[in-house]
Amino acid sequence: MIIAIPLDENKKDVCVSFGRAPFVLFYDTESNAQEISENPAAQAQGGAGLKAAQFLVDHHTNILITIRCGQNAAEVLQAAETAIYEAQGGDAAVNLAAYLEGKLELLSHFHAGFHGKA
Amino acid sequence: MRLAVLSGKGGTGKTFVSVNLAAAAKKAVYIDCDVEEPNGRLFFRPQDVVSAPVHTLLPQFDAGKCNGCRKCVDFCRFHALVYIKEKPMIFPDVCHSCGGCALVCPQKAVSEEKRPVGELEIGVSENVTVVTGILNMGEASAVPVIQEALQTGFSYAGLTVIDCPPGSSCSVMESVSAADYALFVAEPTAFGFHNFQMVYELVRLLKKPCGVILNKADGPYPPLEDFCQKEQIPLLHTFPFSEELAALGAEGTIAVRKNEALKHTFQNILRQIGGENAL
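Residues numbered from 1 in each chain as written. Chains lettered and ligands numbered in written order. Predicted model: local features only at pLDDT ≥ 70, side-chain atom pairs only at ≥ 80, totals over all residues. Heavy atoms only, no water.

Caption draft 1: Representation of the overall build of chain A. Each helix and strand counted, chain A has three helices and five strands in total. Along chain A, from the amino end to the carboxyl end, the secondary structure elements read β-β-β-α-β-α-β-α. Relative to the compact-globule value of 13 Å for 118 residues, chain A shows a C-alpha radius of gyration of 13 Å, a close match. With respect to the three principal axes, the spread of C-alpha positions in chain A is 35 × 25 × 25 Å. For chain A, the proportion of contacts with a sequence separation of at least 24, taken over those separated by at least 6, is 45%. With an accessible surface of roughly 6,000 Å², chain A has 49% of that area assigned to carbon and sulfur atoms. (Helix = DSSP H or I, 4+ residues; strand = E, 2+ residues; numbered from the N terminus. Rg over C-alpha atoms; globule rule 2.2 N^0.38 Å. Contact = heavy atoms within 4.5 Å. Areas by Shrake-Rupley, 256 points an atom, 1.4 Å probe, with all protein chains shown as cover.)

So, in structure tokens, the structure goes:
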């Protein structure tokens, strides 16, 4: 199973933005391997959430752990049967451990998108 | 002459200036590009109104022909298409109707269907042809309705007055791009000045000749006046707060059709910006 977490510039903390996070952490629960990739959507002119969601789907992501997520991205991830869990902020490794211990909840609120406004 | 009336901040008097300039000309067409809340028609009360729907094109994918090659998804620079379970999926609000996906599809699996996004109303109010763009509620982009309103309005002779939406975003740029002159209506307040500077920056990039009308002025406001002087933007006229204008506006009356002195004022503004042929 592949778990993805958007990361800040420091490649350590969970990024508050999903679509425009500079990096994404991919963690494979079977091999325990982890990989940090640049998010190709970070500088997109528009549709960053959609592009980032596509990036996750192309990586066969099963679980996304994020602080927030827009409606369009959520629709893509739901169509691809990727579950979205709510991150608690701070260190990504702590959030990953919390998820594996069953302590994170499904994200229930999806914002309408900031579209360059925030 | 094609004249775009802009403000940055909403509620400064774009419609007041646009409607009265058009009404003060010999023959004019007034195009309401503030398609989210078009209100010029409340003043003009146009007669013999005909309406026409405005559509955009939205791609449809024939699942029988699509072989999942992904060329359309990779082509879309707006990211309106995503690739899920080996099929494209469309996000209509993000689509810009460019038709690129249909062009690049090797299987000819993409067709474009018309999707209604708004309508135009075209009518006449004495010397003015009134073209009103109306965006359907909930639509994300005003641009298709603005394009259609401009195209229709430009087919009529006379002075063309484009009543632009507030702000300085895509819909404003679309409205002002085809104009020969940009007329700003600014409020002499900190907020009015700030938003005026934003839309002025856009107009400067587009290299349009421009001038300013101050509205609702209850005294001098040096920051704005100094800025105009420094940037060499002519200050064409100042309208003070006026109970008479407020009362005429509140009852939906076109001021220059009631007040001869005001008609001369608006005709003078037209003369100052090279619109004397329209008188």
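Caption draft 2: Expanded view of the pairing of strand E6 (residues 110-125) of chain B. Residues and elements named next belong to chain B. With 13 bridges connecting them, strand E3 (residues 47-61) and E6 associate as antiparallel partners. Bridging from a neighbouring strand, Val-54 pairs with Gly-118 of E6. Taken together, the eight bridges between E6 and strand E7 (residues 128-135) define a ladder with antiparallel strand orientation. Looking at the pairing, Glu-119 lines up with Ile-134 of E7. Where E6 folds back onto E7 in an antiparallel hairpin, the turn is made up of two residues, including Glu-126, whose phi is positive at roughly 50°. (Pairing = 2+ DSSP bridges.)

Caption draft 3: Focus on the pattern of salt bridges. What the rule picks out here adds up to 13 salt bridges over all chains. Among the ionic pairs, Asp-58 of chain A bridges to Arg-70 of chain B, the shortest N-O distance being 2.6 Å. Residue Asp-58 of chain A is located in helix H1 (residues 48-58), and its partner Arg-70 of chain B is located in the loop between E3 and helix H3 (71-75); the two belong to separate chains. On the accessibility criterion, Asp-58 of chain A (35% relative accessible area) is partly exposed. Put simply, Arg-257 of chain B and Glu-126 of chain B hold a salt bridge, and the shortest N to O gap is 3.6 Å. In this pair, Arg-257 of chain B sits in the loop between helix H9 (243-250) and helix H10 (260-272) while Glu-126 of chain B sits in the loop between E6 and E7, placing the two residues 131 residues apart along the sequence. Connected through shared salt-bridge partners, Lys-12, Asp-13 and Asp-91 of chain A make up one network. (Salt bridge = Lys/Arg side-chain N within 4 Å of Asp/Glu carboxyl O. Buried < 20%, exposed > 50% of the residue type's maximum accessible area, 1.4 Å probe, protein only.)

Caption draft 4: Representation of the domain arrangement of chain B within the structure. Domain annotation for chain B reports domain 1 (2-54 + 117-278) and domain 2 (63-108). On a C-alpha basis, the centroid separation for the pair domain 1 of chain B and domain 2 of chain B is 39 Å. (Domains from an automatic or database assignment.)

Caption draft 5: Here's a closer look at the packing of helix H7 (residues 190-205) of chain B against helix H8 (residues 222-231) of chain B. Residue and element names in this part refer to chain B. Taken N-terminus to C-terminus, the directions of H7 and H8 make an angle of 15°; their axes are 11 Å apart at the nearest point. The angle between H7 and H8 places the two elements in the roughly parallel class. Of the two possible hands of crossing, H7 and H8 adopt the one that is right-handed. Judged by residue contacts, Phe-193, Phe-196, Gln-197, Tyr-200 and Arg-204 of H7 engage Pro-223, Leu-224, Phe-227, Cys-228 and Glu-231 from H8. The residue inventory of the contact of H7 with H8, partitioned by class, reads seven nonpolar, one polar and two charged. (Axes fitted to C-alpha atoms, helices over the stretch in contact; angles between N-to-C directions. Parallel < 35°, antiparallel > 145°, perpendicular 65-115°, else oblique. Left-handed = near helix turned anticlockwise from the far one by under 90°. Nonpolar A, V, L, I, M, F, W, Y, C, P; charged D, E, K, R; others polar.)

Caption draft 6: Expanded view of the sheet that holds strand E1 (residues 2-7) of chain A. Residue and element names in this part refer to chain A. With mixed pairing, five strands are arranged side by side in an open sheet as E3-E2-E1-E4-E5. Only two strands of the sheet have a single partner each, and these edge strands are strand E3 (34-38) and strand E5 (83-86). When strand polarity is set aside, the average angle formed by the axes of neighbouring strands in this sheet is 25°. Sheet topology places strand E2 (residues 23-28) next to E3; five bridges connect them, and they run antiparallel. Bridging across to E3, Phe-26 finds its partner in Glu-35. Contacts from helix H3 (residues 92-100) reach E1, E2, strand E4 (63-66) and E5 within the one sheet, and its direction differs from that of E1 by about 150°.

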